[in-house]
Amino acid sequence: MSSENLPQSPEQPPRKPRVAVVFGGRSSEHGISVVTAGAVLKAIDRTRYDVLPIGITQDGRWALTADEPERMAITDRRTPSVDDLAESTEGGVVLPVDPASREVVYSEPGSVPKALGEVDVVFPVLHGPYGEDGTLQGLLELSGVPYVGSGVLSSAVGQDKEYMKRVFESFGLKVGPYLVIRPREWERDETGARRRIADFAGEHGWPLFVKPARAGSSIGITKVDDFSGLDEAIAEARRHDPKILIEAALRGREIECGVLEFEDGPRASVPAEIPPPDAHAYYDFEAKYIDSTPGVVPAPLTAEETAEVQRLAVAAFDAASCEGLVRADFFLTEDGEFVINEINTMPGFTPISMYPQMWQAGGVGYPELVDRLIQAALRRSTGLR
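How each quantity is defined
Residues numbered from 1 in each chain as written. Predicted model: local features only at pLDDT ≥ 70, side-chain atom pairs only at ≥ 80, totals over all residues. Heavy atoms only, no water. pLDDT = per-residue confidence, 0-100. Contact = heavy atoms within 4.5 Å. Pairing = 2+ DSSP bridges. Helix = DSSP H or I, 4+ residues; strand = E, 2+ residues; numbered from the N terminus. Axes fitted to C-alpha atoms, helices over the stretch in contact; angles between N-to-C directions. Phe/Tyr/Trp six-rings, centres within 6.5 Å; stacked < 30°, edge-to-face > 60°. Buried < 20%, exposed > 50% of the residue type's maximum accessible area, 1.4 Å probe, protein only. Expected span 1.5 Å × (residues − 1). 1 Å grid on protein atoms, 1.4 Å probe; cavity = no way out; pocket = protein on both sides within 12 Å on 5 of 7 lines; lining within 4 Å. Points joined across faces, edges and corners; volume = space filled by probe spheres on them. Nonpolar A, V, L, I, M, F, W, Y, C, P; charged D, E, K, R; others polar. Lys, Arg positive; Asp, Glu negative; His and termini not counted. Salt bridge = Lys/Arg side-chain N within 4 Å of Asp/Glu carboxyl O.

Undergrad: Pulling in residues and values, what's your account of the confidence of the model for the protein?
TA: Averaged over all residues, the pLDDT of the protein is 91; the fraction at 70 or higher stands at 92%. The low-confidence segment residues 1-9 (pLDDT under 50) makes two contacts with residues lying over four places distant or belonging to another chain. Here residues 287-291 scores under 50 on pLDDT; set against residues more than four positions off or in separate chains, the count is 20 contacts.

Here it is as structure tokens:
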């Protein structure tokens, strides 16, 4: 029988790209990361992508989790955790260490490891240290797996508020007055460190904001009105990070602007304004996520002010060599000048978060936003670029 007479097997349809959504993590922002992951999992178009949810517990175990976004919401003012979702208390997910293979493996003690298939792109929705700070990005670079968001250096710069400000200053972006107390300085000469803070307060006045240098979601931040509250504020910041940042209060309006990577380069969103929350001293963690203090979108700015903050947001994105997405936070001072406060390379990404809301106001809905980020990651290679 000739080969022409053999039955022909139907052509296999092309495999859908597989997206691993990695969330949770070891930082104090674990719960918000889980909430963000729930929103992303719900928004991913399952007709276009296969999805593999992977949670990282607070002790660092990579767990296979249920694909159940409805269980990943804030309930009774409590954020969820990966432990609530993990399919096993002992099993672990292992990423490939060989760039030639993208196969993910799941193993449990006493069992034969199970292949979970190849992953084409990782969507890391971790916030804070051990996820948003370049550490996970470095692991993915070594594995040769493309991922959503900024690379190793940009993520590290975006996490460390000191070096972020130094980079912005070097590119001509205006930042507010700040002081850094590194752990070695505090441990060797606590009295001298306190004296520096006192001198800073004498120069710039009260209140001051005492922050962990490498945390986000407003966790560990205290507004200090005088010396009596300083010790407690330092202790709270150091509970999250041994390196702390002291910032002078800036009088003005809080303005945020998103940046998203399109095929032709980064573009800025409609800006938003964060009004002073009624029940909070400032826009802290509870105001952002628990009480959901609403922002004003679009911000009531003049056309010139809108164009300027959009220009500065893209400039900040470029200054730190960011990729994918960024939320840039500014103060519009009383004399009409924009001062950049910080960027977030993986900003709050729940549907009520400001980043998605700003893009929604500009015509890019949440599912399209998620899709654009995945597509941008798939267009990029790992390695030097």
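Undergrad: Hey, could you go over the sheet that holds strand 5 (residues 103-107) for me, with residue numbers and the actual values?
TA: In a beta sheet, neighbouring strands are held together by backbone hydrogen bonds and run either parallel or antiparallel to one another. Spatially, three strands are ordered 4-5-6 in an open sheet, and the strand pairing comes out antiparallel. Strand pairing shows two members of the sheet lacking a second neighbour, strand 4 (92-94) and strand 6 (114-118), which therefore form its edges. Recorded for the sheet is a direction-independent mean angle of 25 degrees between the axes of neighbouring strands. Two elements, strand 5 and strand 6, share four bridges in a ladder whose sense is antiparallel. Bridge pairing in strand 6 places V105 opposite A115.

Undergrad: Mind laying out the packing of aromatic side chains, listing which residues take part and the relevant values?
TA: The full count for this structure, using the stated rule, is six aromatic pairs. Relative to F227, the ring of W206 has its centre 4.9 Å away and its plane inclined at 75 degrees; by these criteria the two rings are edge-to-face. With W206 in the loop between helix 6 (190-204) and strand 9 (208-212) and F227 in the loop between strand 10 (222-224) and helix 7 (230-240), this pair connects stretches of sequence that are 21 residues apart. Take F227: its relative accessible area is 47%, and that puts it in the partly exposed class.

Undergrad: Tell me about the sheet that holds strand 9, and name the residues and values.
TA: Read across the sheet, four strands follow the order 8-11-9-10 without closing on themselves; strand pairing throughout is antiparallel. Looking at the sheet topology across the chains shown, the edges are occupied by strand 8 (178-181) and strand 10. The mean inter-strand angle of the sheet, taken between neighbouring strand axes irrespective of direction, is 25 degrees. Relative to strand 10, strand 9 runs antiparallel, the two being bridged by three bridges. Paired with F209 across the bridge in strand 10 is K223. Contacting strand 8, strand 9 and strand 11 (244-248), helix 6 runs over the sheet at an angle of about 175 degrees to strand 8.

Undergrad: Kindly report on helix 9 (residues 303-319), identifying the contributing residues and their values.
TA: With 17 residues, helix 9 ought to run about 24 Å at 1.5 Å a step, and its terminal C-alpha atoms sit 24 Å apart, in line with that. Taken residue by residue, helix 9 has T306, V309, L312, A313, V314, A316, F317 and A319 as its buried positions. Contact partners of the buried residues in helix 9: helix 4 (161-170), strand 12 (252-262), strand 13 (265-268), strand 15 (325-333) and strand 16 (338-344). One or two steps after helix 9, the chain reaches S321, where phi turns positive at roughly 55 degrees.

Undergrad: Tell me about unusual backbone geometry, and please be specific about residues and values.
TA: Note that the residue after W206, namely P207, is joined by a cis bond; omega there is 0 degrees. Looking at the secondary structure, you find P207 in the loop between helix 6 and strand 9. Of note, the bond from V297 into P298 is cis; its omega dihedral lies within 30 degrees of zero at -5 degrees. As for its placement among the helices and strands, P298 is situated in the loop between helix 8 (285-290) and helix 9. Not every positive phi belongs to a glycine, and D76 is a case in point at roughly 50 degrees. Tracing the backbone shows D76 in the loop between strand 3 (62-64) and strand 4. On the accessibility criterion, D76 (74% relative accessible area) is exposed. Of note, the phi angle at S321 is positive, near 55 degrees, even though the residue is not glycine. For S321, the location among the structural elements is in the loop between helix 9 and strand 15. Judged by relative accessible area, which is 47%, S321 ranks as partly exposed.

Undergrad: Provide a residue-level description of the environment of E118, including the pertinent values.
TA: With respect to the helices and strands, E118 occurs in strand 6. Along the primary structure E118 and R18 are separated by 100 residues, whereas in three dimensions their C-alpha atoms are 7.2 Å apart.

Undergrad: Can you lay out empty space enclosed by the protein for me, pointing to particular residues and giving the numbers?
TA: Applying the stated criterion across every chain, the model contains three cavities of 30 Å³ or more. The volume enclosed by the largest cavity comes to roughly 70 Å³. Each residue belonging to the lining of the largest cavity can be placed in one class, and the counts come to four nonpolar, six polar and one charged. Volume-wise, the second largest cavity comes out at about 60 Å³. As for the second largest cavity, its lining consists of E132, G158, Q159, K161, M164, A215, G216, E342, I343 and N344. Put simply, the parts of the chain that give the lining of the second largest cavity at least two residues each are helix 3 (152-159), helix 4 and strand 16. The element best represented in the lining of the second largest cavity is strand 16, accounting for three residues.

Undergrad: Before we move on, could you go through the side chain of R61 and cite the residues and values that matter?
TA: With respect to the helices and strands, the residue R61 is situated in the loop between strand 2 (50-56) and strand 3. Here R61 is buried and forms no salt bridge, its nearest opposite-charge partner D83 lying at an N-O distance of 4.3 Å. Apart from the residues within four sequence positions on either side, R61 is in contact with G55, I56, D83, A86, S88, T89, E90 and G91.

Undergrad: Please give an account of the pairing of strand 15 that cites residues and values.
TA: Most of strand 15 sits inside the fold, with nine of its nine residues counted as buried. Every second residue of strand 15 is oriented toward a common face, with L325, R327, D329, F331 and T333 on one face and V326, A328, F330 and L332 on the other, all of them buried. The pairing of strand 12 with strand 15 spans nine bridges and is classified as antiparallel. Bridging from a neighbouring strand, G258 pairs with R327 of strand 15. Bridge analysis of strand 15 against strand 16 gives six bridges, and the strand direction is antiparallel. When the sheet's bridge partners are listed, D329 is paired in strand 16 with E342.

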